[in-house]
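Okay, here's what each chain looks like letter by letter:
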Amino acid sequence: MDSLRTLISNFKTEKPAAPPPTVDGIEPVTTRDQVKWYRSLPLFVPGDVDAFAGLFSNNLATMLSGAQMLSSVLPAEIIYGRIVPGVGLSMLFGTFYYSLHGLITAAKTGQTKLCCLPFGINTPGVFAFNSGVIMAVYYAEGGGAQAAETAWQVGVAANFVQGVVNVSLSPFGPHISKAVPMVALLGSISSVGIAWLYANTMMSEFAWPLVTMAPFFLILAALLAGVKIPHVPTTVLPVVVGAILAWISGKATVDGVRDAADQVGWKPALLRLEPFQDPERVMPYVGIAIPLALTVAIGSIQIRAMASNAGDEFNLCWTMAGDGIATIIASFFGSPWGMTVFIGHGAFKAMGAQVGYSFMTGIAFIIVCFSGLSSLVLSIFPAEVLNPIILYVGLVVCVEALEITPPRHWPAFLVALVPGFFNWAQQVASDFAAAVCEQGFLVDGSLVEAGSNAACAVSARSNEAWTLRPTLVAVRTFGKGYILTSIVWAAMVVYIADSKFGMAAIWSLIGAALSAFGLVHAEVVFLPWEPEGDASFHWELVGGYVLTAGFLVVIELVQRFKKQPSQEPKDIEEVSPGEASIERV
């Protein structure tokens, strides 16, 4: 109750943003009495169509990719009868929640061009929960129908824990946002944009170059250069072109549509309490849920900061609480996947969207998830046809962050991108190794199929596989907890660039603490004296951060001893020609 009172208090006392200047000759509304909140913005504008296409296709592709990943361990009844309807209901709640949040914010601030925060499925979290919780439990239980039921229940319960953590952290969001350098926040969310939204999507897109290449550059021409067909939404032409090419090239087929039609049927979300009957089963996997919850919380702060940079000021406490509540709803109705505000607010605002696209996404999702139409839609419009919009969003996220990053902090921004790539590379490498093993083995020149009487000596998806070489250990370690790792490393670089070595040392010690408990560089949370995996390497990680902090403290003390006057750091454009080569090196 104290957390709830704090949350409500923060919402009431947060100062509204200064009213924007006159827009298109229309004076902004500055008080709630002048306009009712539900009339503060139009419920639909033409730009909502383009934004709807991007948000809906991204979430639909994520949901079906996660469903396909689980199809090897869970039956269709669980995936399409429990998980997908649960996602649909939580999407309806979240999209309406943030649409209403946008209307209320517009009424409070007088903004007439406000774009509400986009909302959707936590994409990296889907793959983390699928592999780290559901599939891990399934194989630990020995496989089979009962193992599948147990795996689903544990995944749902772990997702509930994630939602509770998110709601509990919401009152502290404003304090976290003040304590963390802006570049660290924006750089770490950009790592999601460039690794998961752009690189991961491009990997599937380039498998269909004839179908996907032209639509991608058509979208860039429309959104970057303003090349449009009059009275036609920006993204319609690229999507239609892609769909036609998919059908002409045989990538989309009538048989695929016929198979997808088998899943059509009324499958509403139902309250499911069986995953919460045995809390002890989920305890070993709380270590995965907590870091993901922290990632979502930090992500909400980052996305809200990017929206603020675009001119839209949202209440941070309510933003973080919305993610947690939506995730809790998802778990109560059978979904093991967390929900979060979505990357791409700036891109959607540039399309001219306001609140209608969010309403439309929620309604569309409840229809496709409750009716079984989700796979049918993708059989007609393959994900690869819709994904060029996601590629654009991934690029815009990074561009927005870079635009507000001072040039002297560019190194910090680049450092923040790397852990996300390591996290993505781990998934790609596991998929590659598993695909190789599935092809079978040569024994005395004869092919032996995998699964008969031969198998890989080490499972491609096991933790043991990542210990075979030091470089593999590094990829796995640096990619785990990558959002928090990005923040710590970027903050250290920011303070070093600003000659604040004492603050850099503090952040290095924060990294040591996070590493000691497995919140970064590990699969699960643990006590420092009971580390996961190689204990010696665990203490090397902690020691590396502590040693770095020690050197930074020495530098800080030497500077203070010399009593050198502090100098304001110069950005690249402020450096004189004679200094430029030295500064850039």
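Rules used throughout
- Residues numbered from 1 in each chain as written.
- Predicted model: local features only at pLDDT ≥ 70, side-chain atom pairs only at ≥ 80, totals over all residues.
- Heavy atoms only, no water.
- Helix = DSSP H or I, 4+ residues; strand = E, 2+ residues; numbered from the N terminus.
- Buried < 20%, exposed > 50% of the residue type's maximum accessible area, 1.4 Å probe, protein only.
- Contact = heavy atoms within 4.5 Å.
- Areas by Shrake-Rupley, 256 points an atom, 1.4 Å probe, with all protein chains shown as cover.
- Lys, Arg positive; Asp, Glu negative; His and termini not counted.
- Salt bridge = Lys/Arg side-chain N within 4 Å of Asp/Glu carboxyl O.
- Phe/Tyr/Trp six-rings, centres within 6.5 Å; stacked < 30°, edge-to-face > 60°.
- Core = buried A, V, L, I, M, F, W, Y, C linked by side-chain atoms within 4.5 Å.
- pLDDT = per-residue confidence, 0-100.
- Axes fitted to C-alpha atoms, helices over the stretch in contact; angles between N-to-C directions.
- Parallel < 35°, antiparallel > 145°, perpendicular 65-115°, else oblique.
- Nonpolar A, V, L, I, M, F, W, Y, C, P; charged D, E, K, R; others polar.
- Patch = residues over 30% accessible without salt bridge, like charges linked within 9 Å, V, L, I, M, F, W, Y side chains within 5 Å.
- Left-handed = near helix turned anticlockwise from the far one by under 90°.
- Expected span 1.5 Å × (residues − 1).

S.K.: Please explain the overall build of the protein as it appears in this structure.
M.R.: Scanning the protein for helices and strands turns up 22 helices and four strands. Counting the 585 residues in the protein, one finds 52% classified as buried. Long-range pairs, those at least 24 residues apart, make up 82% of the contacts in the protein with a sequence separation of at least 6. For the protein, the accessible surface area stands at approximately 26,300 Å², while carbon and sulfur atoms represent 66% of it.

S.K.: Whenever I open this one, the side chain of Glu384 confuses me. Can you help?
M.R.: Following the sequence through the fold, Glu384 ends up in helix 16 (residues 383-403). Despite being buried, Glu384 has no salt bridge partner; Lys251 is the closest side chain of opposite charge, sitting 9.1 Å away. Once you skip the residues sitting within four places of it in the chain, Glu384 turns out to touch Ser204, Glu205, Trp208 and Thr212.

S.K.: Sorry if this is basic, but what is going on with the packing of aromatic side chains here?
M.R.: A ring pair, where both rings are aromatic, is described by two values, the distance of the centres and the angle of the planes. Applying the stated rule across the entire model yields 16 aromatic pairs. Taking the centre distance of 5.1 Å and the plane angle of 75 degrees together, the rings of Phe478 and Trp489 count as edge-to-face. With Phe478 in helix 18 (residues 470-479) and Trp489 in helix 19 (residues 482-497), this pair connects stretches of sequence that are eleven residues apart. Grouped by ring-pair contacts, the aromatic residues Phe93, Tyr97, Tyr98 and Phe119 constitute a single cluster.

S.K.: Please clarify how the nonpolar core should be interpreted in this entry.
M.R.: Among soluble globular proteins, nonpolar side chains are generally buried collectively. Grouped together as the largest cluster of nonpolar side chains are 144 residues, with contacts concentrated most on Met63, Leu70, Leu74 and Tyr357. Aside from chain neighbours lying at most four places away, what touches Leu74 is Ile79, Ile83, Ile134 and Ala148.

S.K.: So what exactly am I meant to see when it comes to unusual backbone geometry here?
M.R.: Glycine aside, a negative phi is what most residues show, and trans is what most peptide bonds show. Notably, Ser499 is not glycine yet its phi reads approximately 60 degrees, a positive angle. Structurally, Ser499 is set in the loop between helix 19 and helix 20 (501-516). With phi around 65 degrees, His521 is a residue other than glycine that occupies positive phi space. Counting through the fold element by element, His521 comes out in the loop between helix 20 and helix 21 (535-562). When its relative accessible area of 9% is taken as the criterion, His521 is described as buried.

S.K.: I tried to follow the pattern of salt bridges on my own but got confused; where do I start?
M.R.: Two side chains of opposite charge can pair, provided their charged atoms sit close to one another. What the rule picks out here adds up to seven salt bridges. Residue Arg82 is joined to Glu77 by a salt bridge in which the shortest nitrogen-to-oxygen separation is 3.1 Å. For Glu149, the salt bridge goes to Arg82, with nearest N and O atoms at 3.1 Å. Residue Glu149 is found in helix 5 (residues 145-169), and its partner Arg82 is found in helix 3 (residues 76-109); the two are separated by 67 residues along the sequence. What you see here is one network of salt bridges that share partners, running through Glu77, Arg82 and Glu149.

S.K.: Honestly, the confidence of the model for the protein in this entry has me stumped. Any pointers?
M.R.: Parts of the model with low pLDDT should not have their predicted coordinates read in detail. In the predicted model, the protein carries a mean pLDDT of 82, and the fraction of residues at 70 or more is 86%. Per-residue pLDDT, averaged within each element of the protein, yields its smallest value for helix 22 (residues 577-584) (34) and its largest for helix 20 (96). Note that residues 1-33 has pLDDT below 50 and, in this model, 41 contacts with residues that lie over four places away or in other chains. Ignoring residues within four places in sequence, the model shows residues 572-585, a span with pLDDT below 50, making nine contacts including any to other chains.

S.K.: Is there a simple way to think about the packing of helix 8 (residues 209-225) against helix 9 (residues 236-249) in this case?
M.R.: Geometry of a packed helix pair, given as the angle between the helix axes and the separation of the axes. Two numbers describe how helix 8 lies on helix 9: the axes approach to 8 Å, and their chain directions differ by 170 degrees. Considering their axes alone, helix 8 and helix 9 lie roughly antiparallel with respect to each other. On helix 9, the residues that touch Leu210, Val211, Pro215, Leu218 and Ile219 of helix 8 are Pro238, Val241, Gly242, Leu245, Ala246 and Ser249. For the contact of helix 8 with helix 9, the class distribution of residues is nine nonpolar, two polar and no charged.

S.K.: Which parts of the structure should I look at to understand a nonpolar patch on the surface?
M.R.: Taken together, the side chains of Leu218, Ile229, Val232, Val236, Leu237, Val240, Ile244 and Ile248 present a nonpolar region at the surface, about 620 Å² in accessible area. It is helix 9 that contributes the most residues to the nonpolar patch, five residues altogether. Mapped onto the secondary structure, Leu218 falls in helix 8.

S.K.: Hey, could you run me through the environment of Phe342 in this one?
M.R.: Following the sequence through the fold, Phe342 ends up in the loop between strand 2 (339-341) and helix 13 (345-350). Residue Phe342 is classed as buried on the basis of its relative accessible area of 6%. With 284 residues separating them along the chain, Phe342 and Asn58 place their C-alpha atoms 10.0 Å apart. Excluding residues that lie within four positions of it along the chain, Phe342 makes contacts with Leu55, Asn58, Asn59, Pro118, Phe119, Gly120, Ile121, Thr123 and Ile303.

S.K.: Looking at this structure, how should I read the packing of helix 5 against helix 12 (residues 316-332)?
M.R.: Where helix 5 contacts helix 12, the axes come no closer than 7 Å and their chain directions differ by 160 degrees. In terms of orientation, helix 5 and helix 12 fall into the roughly antiparallel class. Crossing of helix 5 over helix 12 shows left-handed handedness. Here Val156, Asn159, Phe160, Gln162, Gly163, Val164, Asn166, Val167 and Leu169 of helix 5 come into contact with helix 12, specifically with Met320, Ala321, Gly324, Ile325, Thr327, Ile328, Ala330, Ser331 and Phe332. Residues that form the contact of helix 5 with helix 12 fall into these classes: eleven nonpolar, seven polar and no charged.

S.K.: Honestly, the environment of Glu205 in this entry has me stumped. Any pointers?
M.R.: Mapped onto the elements, Glu205 comes out in helix 7 (residues 182-205). Taking the C-alpha atoms as reference, Glu205 lies 9.4 Å from Leu391; in sequence the two are 186 residues apart. Ignoring anything within four residues of it in the chain, the contact list for Glu205 reads Thr212, Ala383, Glu384, Asn387, Pro388 and Leu391.

S.K.: Could you clarify how one ought to interpret helix 9 in this entry?
M.R.: A turn of α-helix holds 3.6 residues, and therefore any two residues three or four places apart point the same way. The terminal C-alpha atoms of helix 9 lie 20 Å apart, and with 14 residues this matches the ideal 20 Å at 1.5 Å per residue to within 8%. Elements that come into contact with the buried residues of helix 9 comprise helix 8 and helix 16. Downstream of helix 9 by a residue or two, Gly250 has a phi angle that is positive, lying close to 85 degrees.

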